[in-house]
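# Coordinate analysis (summary)
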Amino acid sequence: MIAILALQGAFAEHQQMLNRLGEESVLIRNLDDWNDFIDNTDKRGLIIPGGESTAMMRIIRDENLLEPIRKAILEGLPVFGTCAGLIMLDSKHLGTMDIEVKRNAYGRQLGSFFTTDEVKGIGKVPMTFIRAPYITAVKDGVEVLAEVDGNIVAARQGKQLVTSFHPELNEDTRIHELFISMIA
């Protein structure tokens, strides 16, 4: 079972993508949901979707989810963060991934765009960027998986995967498949 943080943002699209791949998922909205997931012997991973990182950080603090989520990731729970989820895993927020991030790096909503580019080990994939961040620095142990125009837009560290773009908004399932392979 894969948990999806469902505080705001594109959580439903991630759930639809997992359904297409035959993966069971559960939405996490509060501490009770989280505790039920953590107590489940079939727990496999966590997706932190895009949305608004400041609002999502406030909500996970208000719902007393910050430390339980952080602890689970540090103890090895596989996690996939897209867009705001990438920001939430960085050194200034949950602090589980050794990356530094520039928020809204491509500007406001009008700076949103679509491209197709190479992801290491996968090939060319569709990439939808919406008020997207990018990674400005990585430390040892972080593998860069994709760059667009010289900016890091996908990376992996241990069982943590992040993308600046929204793979859940396209038909291509390979990024989610990569995450699922990290869980196996």
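These numbers come from a predicted model, not from an experiment.

### Details of the packing of helix α2 (residues 31-39) against helix α4 (residues 66-74)
Interhelical geometry of α2 versus α4 gives an angle of 25 degrees and a closest axis separation of 10 Å. Compared by their axis directions, α2 and α4 come out roughly parallel. By crossing handedness, the relation of α2 to α4 is classed as left-handed. Here α2 contributes L31, W34 and I38 to the contact with α4, which in turn contributes P68, I69 and A72. Taken together, the residues of the contact of α2 with α4 break down into six nonpolar, no polar and no charged.

### A short note on α4
Structural remark: α-helix, 3.6 residues per turn; residues separated by three or four positions point the same way. Turning to α4, its buried residues number three or more, namely L66, I69, A72 and I73. Within α4, the buried residues cover an arc of 145 degrees as seen down the axis, which keeps them to one side.

### So, the pattern of salt bridges
Under the criterion given, the structure shown has seven salt bridges. Between E52 and R103 there is a salt bridge, with the nearest N and O atoms lying 2.9 Å from each other. Separated by 51 residues along the polypeptide, E52 in the loop between β3 (45-48) and α3 (53-62) and R103 in the loop between β5 (99-102) and β6 (113-119) bring together distant segments of the chain. The partly exposed category is assigned to R103, whose relative accessible area is 36%. Across the pair K71 and E75 runs a salt bridge whose closest N-O atoms are separated by 3.1 Å.

### Observations concerning the environment of A3
Inspection of the secondary structure puts A3 in strand β1 (residues 2-5). As for A3 and D140, which are separated by 137 residues in sequence, their C-alpha atoms are 28 Å apart. Those residues in contact with A3 that lie beyond four places of it in its chain are V26, I28, F37, G45, L46 and I47.

### Some thoughts on the nonpolar core
Note on soluble globular proteins: their nonpolar side chains tend to be buried together. Core analysis: the largest hydrophobic core is formed by 34 residues, its most contacted members being L5, W34, L46, I48, I60 and L94. When contributions to this core are tallied by element, the ones reaching two or more residues are β1, α2, β3, α3, α4, α5 (84-89), β5 and β10 (151-157). A per-element tally of this core places α5 first, with five residues. With sequence-adjacent residues up to four places away left out, L94 is seen in contact with I48, M57, I60, L66, I69, R70, I73, M88 and L89.

### Side note on the side chain of H176
Assignment of secondary structure puts H176 in helix α6 (residues 174-183). Residue H176 is classed as buried on the basis of its relative accessible area of 1%. For H176, the contacting residues outside a window of four places in its chain are H14, M17, L18, L21, I47, F80, P167 and E168.

### Some remarks on the packing of aromatic side chains
The full count for this structure, using the stated rule, is four aromatic pairs. Ring centres of F113 and F129 lie 4.5 Å apart, and the angle between their planes is 10 degrees; on these two criteria the pair is classed as stacked. Linking F113 in strand β6 with F129 in strand β7 (residues 123-129), this pair joins segments that are 16 residues apart in sequence.

Conventions used here
- Residues numbered from 1 in each chain as written.
- Predicted model: local features only at pLDDT ≥ 70, side-chain atom pairs only at ≥ 80, totals over all residues.
- Heavy atoms only, no water.
- Axes fitted to C-alpha atoms, helices over the stretch in contact; angles between N-to-C directions.
- Helix = DSSP H or I, 4+ residues; strand = E, 2+ residues; numbered from the N terminus.
- Parallel < 35°, antiparallel > 145°, perpendicular 65-115°, else oblique.
- Left-handed = near helix turned anticlockwise from the far one by under 90°.
- Contact = heavy atoms within 4.5 Å.
- Nonpolar A, V, L, I, M, F, W, Y, C, P; charged D, E, K, R; others polar.
- Buried < 20%, exposed > 50% of the residue type's maximum accessible area, 1.4 Å probe, protein only.
- Arc of directions from axis to C-beta.
- Salt bridge = Lys/Arg side-chain N within 4 Å of Asp/Glu carboxyl O.
- Core = buried A, V, L, I, M, F, W, Y, C linked by side-chain atoms within 4.5 Å.
- Phe/Tyr/Trp six-rings, centres within 6.5 Å; stacked < 30°, edge-to-face > 60°.

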